[in-house]
Amino acid sequence: MLALLIAVLGAIPDAEPVPQVAVHFRIQPVGQVAGASGPVTLRPVVGDGKPLTVVVDEHKAVAQLPAGSSWQLEPAFVGGWAPQEILTVPQGVSMTSHAVKVWPSGRMHGALAMADPREKMPEVIDMQIVSLPGTRNDERLPERTVVRCSVKDARFACIGPAIAADIVVRGDGFIPHYRWGIRIGSDASTDLGKITLRRGASLVGWARAEEGKIDPATARARLRRVIAAATGGPNAERLQRPVAETPVRADGFFQLAGIEPGTYMIEVEQPQLAAARVFPIDVFRDAETKFQGILVLKKPLTVSLVVEPARDWTDSPWHITVFRAGDFSMRYDRAPVFDGTTDDGKVAMPGQAAGMFRFTVSDSLQNPLAADTFEVTSAADATHTVSVDLLRVHGALRYGSEPLQADLVFGGAFGARHVETHADADGTFATVLPSSGRWAVDVSSGSPPIKTTVAVTIEADKDHTAKVDIVVPENSVDGVVLDEDAKPVANADVSLASAGSHVSTRSSADGRFHFRGTPAAKSQLHASAFLANRSHTTAVVDLAVEDDSHLGPIELRLQRQTEMSATVVSPRGPVPGARVLMIGRAGLQSPIDSTVTGLDGVATFHPPADTTSAVFIVSPPGHALRVFERVLDGQPLTFDVYQNGGRLEIDIPPMDREKPLIPAIVANGMRFLVFTELYQWAAGHGVQNMAAVGAAGGTFVAPDVAPGEYRLCFGPPTLTSTANVDPWLGAASCATGVLAPGGTLRLAVSPAVP
């Protein structure tokens, strides 16, 4: 066998030799250079080949080099200076030439100091030398021209080209120092002054004004942390404060130094110009990040909103409120862009930057009849028109078979569009709505005491009128809230939630609570209270509420909530500003807790003491949205997130108002992604699904979600807890696919109508 192997190897022909190319080196002087000469060392870029040396002077020097090979040239001239560069030998020729540019020699020196006296002073520092803008191409230095300076007794000195240039002083792991328009002398050494080295990360970039010039007296560059959409509270406010701020030079350059690694947004502002913002920007530890583009401060726009008709249904002026959204989240500015009335239905808002705006149009009775968002990208789409269709509605309200006098809120008290009206003693009411369709109606009555929500479908006739009868089920849910010692608890928050309704009340002095007229549905009941400076909550009770059922008395026993922590971590370290939503395994409605991570990436939760596991939806800025399922055993949790997200596209079919279906997303097994979280996540990435998906359906887009298997299902509106997941999935129509890192997954389902 060995002999056979030797014979076979012996039969393999020798590889053909690589052709050699004669490379002629010559000196090309730049400026006043005379008599420059010296050795040029050629080091192979690839492989372990030995370096070669050629001596270049006024005569040509020749080296035989393999075709296609690459070499680093290291000149060491006398009477001139030449930069290091890379030479790639062409193929298909037998001879070529290469000009070594030589500049007059110049000298630089200066003093070094350490910001941290415990730091050891480096033995060398590097000077990156950049030709000034406007320099002729044949006199420009190669990009990334660097000279090395030796350091001795806290002073540095080095030799480079004698030119006017911009200089960047760099030390390994130290924040770079920029020197602009430095004249490097040939007769006398140029003093660069004292340079203090400080460790840390930095970010540099350039800005320009679309019209006019950058004003260094007023232009400012700021760096802000990006926090996930739909987060609030003191922690969120603290995280959004500027991390670093600096003036912008007249030429547009700025440097933000001494910052922690993380994901940020750059913001450049100047009065009378619209701000420029960029996200995400990743900053790494002890390194400089360069933003490669240019932030353009544009001429501000006049954003206009036109309401049709020009006056409300009482012939009074509309009241219009407009807010501007943040550029990289759905956190709207606290102060409205406009808040007031208009006689002609038109509002002009000058001085605005392009972006997302949210408006509310209310009538003279303070009923918000229209609310939506619109995006402005340029002057061409800076005017938005909204039509308010007025539908006159009348009808009767009953509790069971009896007339009911009550206050009504079509759309719900907290709905973006809602209208308040009143049903009199015989139950009759009349109002105006902005559209037909399915409406949630809040019903509040003093006698009998009823606070509930009823869903109705309103259909308009050809005269834009509609009649609807609202029937409140004649049922009840009663109970008592007790503490851990079985004593009644007053003023506890008691919630009764179903797939289409959520009502709440407070317990009385004897701990008792009552619900009347709640929708017939599978529902969940629970209570919470703050006792002895600690949060308490009860277990979730599943109920089957019928139209004529009377459930109770139900005992809800409060228990102390525990405190637990979770850290969101990326390969670069903790992730601040991440929104983390916790869903207890007892149900999809509750217990729920959400928070935002602090500077240390830590989120704190307060689940009920008997919660043994939970699902966590983590929305980390600059990283992919991920879902985790964890056992809660009292130990701190860690959520690892990465920048490997893909794009999830979900086809939403037209919905039947009479037989509605709900969508659900299962991520990597039995982990549910809540659609409201997906919506907020998409909005924080500039995707406005509300505008793309309407009653006729459309495509819901969720960018930058973690790779893995996703399952889209449409089923009946009965999914209220994880306990009924399996039967719900059995009645649902589903589609499954795998999202690859950086890829796109489109899921489409043709749901069967139940």
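Residues numbered from 1 in each chain as written. Predicted model: local features only at pLDDT ≥ 70, side-chain atom pairs only at ≥ 80, totals over all residues. Heavy atoms only, no water.

**Comments concerning the overall build of the chain**
Part 1 of the argument: Along its length, the chain carries 5 helices and 60 strands.
Part 2 of the argument: Each of the 754 residues in the chain was classed as buried or not, and the buried ones make up 47%. (Helix = DSSP H or I, 4+ residues; strand = E, 2+ residues; numbered from the N terminus. Buried < 20%, exposed > 50% of the residue type's maximum accessible area, 1.4 Å probe, protein only.)

**Examining the pairing of strand β27 (residues 368-376)**
Part 1 of the argument: As defined by bridge partners, strand β26 (residues 355-362) adjoins β27 across 8 bridges and the pair is classed as antiparallel. What sits directly across from Phe359, in β27, is Asp372. (Pairing = 2+ DSSP bridges.)

**Things to note about the side chain of Glu649**
Part 1 of the argument: Residue position: Glu649 is located in strand β54 (residues 646-652).
Part 2 of the argument: Glu649 has contacts with Thr699, Phe700, Val701, Thr744, Leu745, Arg746 and Leu747, leaving out every residue within four places of it along the chain. (Contact = heavy atoms within 4.5 Å.)

**Examining empty space enclosed by the protein**
Part 1 of the argument: In total, this model carries 2 cavities of 30 Å³ or more according to the counting rule given.
Part 2 of the argument: There is about 50 Å³ of room inside the second largest cavity.
Part 3 of the argument: Elements with a contribution of two residues or more to the lining of the second largest cavity: β38 (493-498) and β39 (501-506).
Part 4 of the argument: For the lining of the second largest cavity, the element with the most residues is β38, which contributes 3 residues.
Part 5 of the argument: Looking at the lining of the second largest cavity, its residues break down into 4 nonpolar, 4 polar and no charged. (1 Å grid on protein atoms, 1.4 Å probe; cavity = no way out; pocket = protein on both sides within 12 Å on 5 of 7 lines; lining within 4 Å. Points joined across faces, edges and corners; volume = space filled by probe spheres on them. Nonpolar A, V, L, I, M, F, W, Y, C, P; charged D, E, K, R; others polar.)

**Concerning the packing of aromatic side chains**
Part 1 of the argument: The final tally for this structure, using the stated rule, is 13 aromatic pairs.
Part 2 of the argument: Aromatic pair Phe410 and Phe429: ring centres 5.9 Å apart, planes at 50°, arrangement tilted. Highlighted residues: Phe410 in strand β31 (residues 406-410) and Phe429 in strand β33 (residues 428-433), separated in sequence by 19 residues.
Part 3 of the argument: When its relative accessible area of 0% is taken as the criterion, Phe410 is described as buried.
Part 4 of the argument: Judged by relative accessible area, which is 5%, Phe429 ranks as buried.
Part 5 of the argument: Taken together through their ring pairs, the aromatic side chains of Tyr178, Trp180, Trp206 and Phe253 make up a single cluster.
Part 6 of the argument: We note Arg199 situated over the ring of Phe174; from NZ or CZ to the ring centre the distance is 4.1 Å. (Phe/Tyr/Trp six-rings, centres within 6.5 Å; stacked < 30°, edge-to-face > 60°. Lys NZ or Arg CZ within 6 Å of the ring centre and 35° of its normal.)

**Considerations on the sheet that holds strand β18 (residues 253-259)**
Part 1 of the argument: One open sheet holds the 3 strands; their spatial order is β18-β15-β21, and the pairing between them is mixed. Each edge of the open sheet carries a strand with a single partner, namely β18 and β21 (288-297). On average, each strand axis in the sheet is tilted by 20° relative to the strand beside it, whichever way the strands run.
Part 2 of the argument: Bridge analysis of strand β15 (residues 201-209) against β21 gives 7 bridges, and the strand direction is parallel. Residue pairing across strands places Ala209 opposite Leu297, the latter belonging to β21. (Axes fitted to C-alpha atoms, helices over the stretch in contact; angles between N-to-C directions.)

**So, the nonpolar core**
Part 1 of the argument: If you look at the biggest cluster of nonpolar residues, it comprises 42 residues, and the most contacted ones within it are Leu397, Leu408, Phe410, Val443, Ile458 and Ile470.
Part 2 of the argument: Grouped together as the second largest cluster of nonpolar side chains are 29 residues, Ile650, Ile665, Phe675 and Tyr710 included. (Core = buried A, V, L, I, M, F, W, Y, C linked by side-chain atoms within 4.5 Å.)

**Comments concerning the layout of surface pockets**
Part 1 of the argument: The space that makes up the second largest pocket amounts to roughly 920 Å³.
Part 2 of the argument: As for the second largest pocket, its lining consists of 28 residues, of which Gln128, Val130, Glu143, Trp206 and Lys290 are closest to the centre.
Part 3 of the argument: Of all elements in the fold, only β9 (124-131), β12 (164-170), β13 (177-183), β15 and β21 reach the threshold of two or more residues within the lining of the second largest pocket.
Part 4 of the argument: Here the element with the most residues in the lining of the second largest pocket is β21; it accounts for 5 residues.
Part 5 of the argument: Among the residues making up the lining of the second largest pocket, the classes are represented as 15 nonpolar, 6 polar and 7 charged.

**What to know about the sheet that holds strand β40 (residues 512-516)**
Part 1 of the argument: With respect to topology, 3 strands assemble into an open sheet ordered β40-β37-β44, the strand pairing being mixed. One side of each edge strand has no neighbouring strand; the edge strands of this open sheet are β40 and β44 (550-557). Strand after strand, the sheet turns through a mean of 20° between neighbouring axes, direction not considered.
Part 2 of the argument: Pairing of strand β37 (residues 476-482) with β40, which is carried by 5 bridges, proceeds in the antiparallel orientation.

**Here we look at a nonpolar patch on the surface**
Part 1 of the argument: A cluster of nonpolar side chains, contributed by Val45, Val46 and Ile86, occupies part of the molecular surface with about 300 Å² of accessible area.
Part 2 of the argument: For Ile86, the location among the structural elements is in strand β6 (residues 85-88). (Patch = residues over 30% accessible without salt bridge, like charges linked within 9 Å, V, L, I, M, F, W, Y side chains within 5 Å. Areas by Shrake-Rupley, 256 points an atom, 1.4 Å probe, with all protein chains shown as cover. Salt bridge = Lys/Arg side-chain N within 4 Å of Asp/Glu carboxyl O.)

**Overview of the state of the cysteines**
Part 1 of the argument: Counted under the stated rule, the structure contains 2 disulfides.
Part 2 of the argument: Here Cys149 engages in a disulfide with Cys158; their sulfurs sit 2.1 Å apart. Judged by the sign of its S-S torsion, about 55°, the cystine formed by Cys149 and Cys158 is right-handed.
Part 3 of the argument: Residue class for Cys149 comes out buried when judged on its relative accessible area of 0%.
Part 4 of the argument: With relative accessibility at 7%, the residue Cys158 sits in the buried group.
Part 5 of the argument: Between the sulfur of Cys713 and that of Cys734 lies a disulfide, 2.1 Å long from S to S. Residues Cys713 and Cys734 are joined by a disulfide whose S-S torsion is about 110°; by sign, that bridge is right-handed. Of this pair, Cys713 sits in strand β58 (residues 708-715) while Cys734 sits in strand β59 (residues 733-739), and the two are 21 residues apart along the sequence.
Part 6 of the argument: Exposure remark for Cys713: the relative accessible area of 0% places this residue in the buried category.
Part 7 of the argument: We classify Cys734 as partly exposed; its relative accessible area is 30%. (Disulfide = S-S within 2.5 Å.)

**Focus on the confidence of the model for the chain**
Part 1 of the argument: For the chain, the average pLDDT comes to 85, and 90% of its residues sit at 70 or higher.
Part 2 of the argument: Element-level pLDDT for the chain is lowest in helix α1 (residues 2-11), with a mean of 40, against a maximum mean of 95 in β31.
Part 3 of the argument: Taken together, the stretch residues 1-12 has pLDDT below 50 and engages in 0 contacts with residues farther than four places along the chain or on a different chain. (pLDDT = per-residue confidence, 0-100.)

**Brief notes about unusual backbone geometry**
Part 1 of the argument: The step from Ser447 to Pro448 runs through a cis peptide bond, and the omega angle for that step is -5°.
Part 2 of the argument: Relative to the helices and strands, Pro448 resides in the loop between β34 (437-445) and β35 (450-458).
Part 3 of the argument: For the bond from Gly552 to Pro553, the omega torsion is 0°, close enough to zero to count as cis.
Part 4 of the argument: Residue position: Pro553 is located in strand β44.
Part 5 of the argument: With a phi close to 65°, Ala486 is a non-glycine residue in the positive phi region.
Part 6 of the argument: By the secondary structure assignment, Ala486 is in the loop between β37 and β38.
Part 7 of the argument: Unusually for a residue other than glycine, Asn491 sits at a positive phi of about 60°.
Part 8 of the argument: Mapped onto the elements, Asn491 comes out in the loop between β37 and β38.
Part 9 of the argument: For Asn491, a relative accessible area of 51% corresponds to the exposed category.

**Section: the pairing of strand β60 (residues 744-748)**
Part 1 of the argument: Here β60 shows one buried face, formed by Leu745 and Leu747, and one open face, formed by Thr744, Arg746 and Ala748.
Part 2 of the argument: Sheet topology places β54 next to β60; 5 bridges connect them, and they run parallel. Its bridge partner being in β60, Ile650 is matched across the sheet by Leu747.

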